[in-house]
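# Fold and contact review
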Amino acid sequence: MKIAIIGTGNLGSSIAKGLIKNKSFTSLYLSDKNTAAVSDFSDEDYVTVTNDNELAVKESEIVIFALQPRHIDKVLESVSDSITNDHVVMSVAAGFEISRIESIVGDDKNIIRVMPNTAISIGKSMTCLSANVKGQEKMDLAKKIFNQLGTTMVIPEEQIQAATVICASGIAFWMRLVRATTQGAIQLGFEAEEAHNLAVQTCFGSASLLIESGRHPEQEIDRVTTPSGCTIEGLNAMEHQGLSSALIQGIVSSFEKINQLKKS
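Notes on the structure in this doc start here. Given the structure is predicted, the values throughout are model-derived calculations rather than measurements. (Residues numbered from 1 in each chain as written. Predicted model: local features only at pLDDT ≥ 70, side-chain atom pairs only at ≥ 80, totals over all residues. Heavy atoms only, no water.)

For the protein, the count of helices and strands is 10 helices and 8 strands. The proportion of buried residues among the 264 residues of the protein is 39%. Once local pairs closer than 6 in sequence are excluded, the contacts in the protein between residues at least 24 apart make up 60%. Total accessible area computed for the protein in this model is approximately 15100 Å², and 53% of it derives from carbon and sulfur atoms. Charge separation in the protein, taken as the distance between the mean sites of 23 positive and 31 negative side-chain charges, equals 2 Å. (Helix = DSSP H or I, 4+ residues; strand = E, 2+ residues; numbered from the N terminus. Buried < 20%, exposed > 50% of the residue type's maximum accessible area, 1.4 Å probe, protein only. Contact = heavy atoms within 4.5 Å. Areas by Shrake-Rupley, 256 points an atom, 1.4 Å probe, with all protein chains shown as cover. Lys, Arg positive; Asp, Glu negative; His and termini not counted. Charge placed at Lys NZ, Arg CZ, Asp CG, Glu CD.)

Relative to the assigned elements, R100 resides in helix α4 (residues 98-105). In this structure, the C-alpha to C-alpha distance between R100 and D73, residues 27 residues apart in sequence, is 8.4 Å.

For the rest of this paragraph, the subject is the sheet that holds strand β8 (residues 150-154). Taken in spatial order, the 8 strands of this open sheet run β3-β2-β1-β4-β5-β6-β7-β8, and their pairing is mixed. Both outer strands of the open sheet, β3 (47-50) and β8, are each paired with one neighbouring strand and no more. Geometrically, the sheet is characterised by an average inter-axis angle of 20° between neighbouring strands, direction not taken into account. Most of the contacts of α4 go to strand β6 (residues 110-115), to which it runs at about 145°, and overall it touches β5 (88-91), β6 and β7 (125-131). (Pairing = 2+ DSSP bridges. Axes fitted to C-alpha atoms, helices over the stretch in contact; angles between N-to-C directions.)

So, on to the packing of helix α6 (residues 160-187) against helix α7 (residues 192-213). Relative to each other, α6 and α7 sit at 135°, their axes nearing to 8 Å. The orientation of α6 with respect to α7, classified from their angle, is oblique. Judged by the twist between their axes, the crossing of α6 over α7 is right-handed. Residue-level contacts link V178, T181, T182, A185 and I186 of α6 to A192, A195, H196, A199, V200 and C203 of α7. Here the contact of α6 with α7 is composed, by residue class, of 8 nonpolar, 3 polar and no charged. (Parallel < 35°, antiparallel > 145°, perpendicular 65-115°, else oblique. Left-handed = near helix turned anticlockwise from the far one by under 90°. Nonpolar A, V, L, I, M, F, W, Y, C, P; charged D, E, K, R; others polar.)

A cluster of like negative charges, contributed by D40, D43, E44 and D45, occupies part of the molecular surface. If you trace the backbone, D43 turns up in the loop between β2 (27-31) and β3. Accessibility expressed as a relative area gives 65% for D43, which makes it exposed. (Patch = residues over 30% accessible without salt bridge, like charges linked within 9 Å, V, L, I, M, F, W, Y side chains within 5 Å. Salt bridge = Lys/Arg side-chain N within 4 Å of Asp/Glu carboxyl O.)

The terminal C-alpha atoms of α6, which comprises 28 residues, lie 39 Å apart, in line with the 40 Å expected from a rise of 1.5 Å per residue. Remark: the principal bend of α6, roughly 55°, maps to G170. Positive phi shows up at G189, right after α6, with a value of about 115°. (Expected span 1.5 Å × (residues − 1). Bend = angle between axes of the 7 residues up to and from the residue.)

Core analysis: the largest hydrophobic core is formed by 28 residues, its most contacted members being I5, L19, L28, I64, M90, I112 and F146. If you list the elements that add at least two residues to this core, you get β1 (2-6), α1 (10-22), β2, β4 (62-65), β5, β6, β7 and α5 (139-147). Other than its neighbours up to four places away in sequence, I112 contacts V88, V89, M90, S91, L129, S130, A131, G135, K138, M139 and A142. Listed in part, the 21 residues of the second largest apolar core include V57, I83, V105 and I111. (Core = buried A, V, L, I, M, F, W, Y, C linked by side-chain atoms within 4.5 Å.)

Glancing now at the pattern of salt bridges. Counted under the stated rule, the structure contains 8 salt bridges. Notably, a salt bridge pairs K58 with E54, separated by 3.4 Å at the nearest N-O pair. Here K58 and its partner E54 are both found in helix α2 (residues 53-58), 4 residues apart, which amounts to about one turn of the helix. Its salt-bridge partner being R113, residue E157 comes within 3.1 Å of it at the nearest N-O pair. Here E157, found in the loop between β8 and α6, pairs with R113, found in strand β6; they are 44 residues apart in sequence, far enough to count as distant. A relative accessible area of 23% places E157 in the partly exposed class. Among the charged side chains, a network of salt bridges with common partners joins R215, E220 and R223.

Here's what the structure looks like:
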């Protein structure tokens, strides 16, 4: 596959790293006005770093626009004449609807909204996909690409905003929980590095248990809570302080914010 990534900020670079790690292309063009930020990628086989967006589009079959919403209009307009019916146009811009992309490049183009998270750089992303009518024909191709970089889920476009909060912003939410656990471990007497390792591996083990067992979180909680034990004591103390409520409120607040971006 001949792929181009337009915009190589944090997310664009993460996608590039995942593609390179998995050798998921025959050629990869990375286009950004600040090529210095991704100059190291030019040492990779079959990777071209450029600041020429039009060249990147013309030399590719799949074009991933990894741009902030406020920049994508202008960039799409600048390359629209080079986008053909054979191209697959993918956008990771939060709040930027398929209809807005169609209004620039045409509704006869294959358009797919992609919402990964930064774990895509290590092949562990949860990536949600949604396409226009024409783009449905290329959904299997999109899943093939992003299943190599983690796990995919095809959802209706109206759920993309919520998926952005749970999967993309969710990385930060989970990082904060890991950090809090680390701080707690330090308070209990562990060195900072030890505390970090304990928190990270326990988080990883928890997620792995749910994935491999298919059980509900409460079932796993029941397996480690004993009557009058320390686990239930800790859980109840956290809930009295509003742990679940605070997390849910944070998710809802993030969703309200992304809906404001959609309207702007």
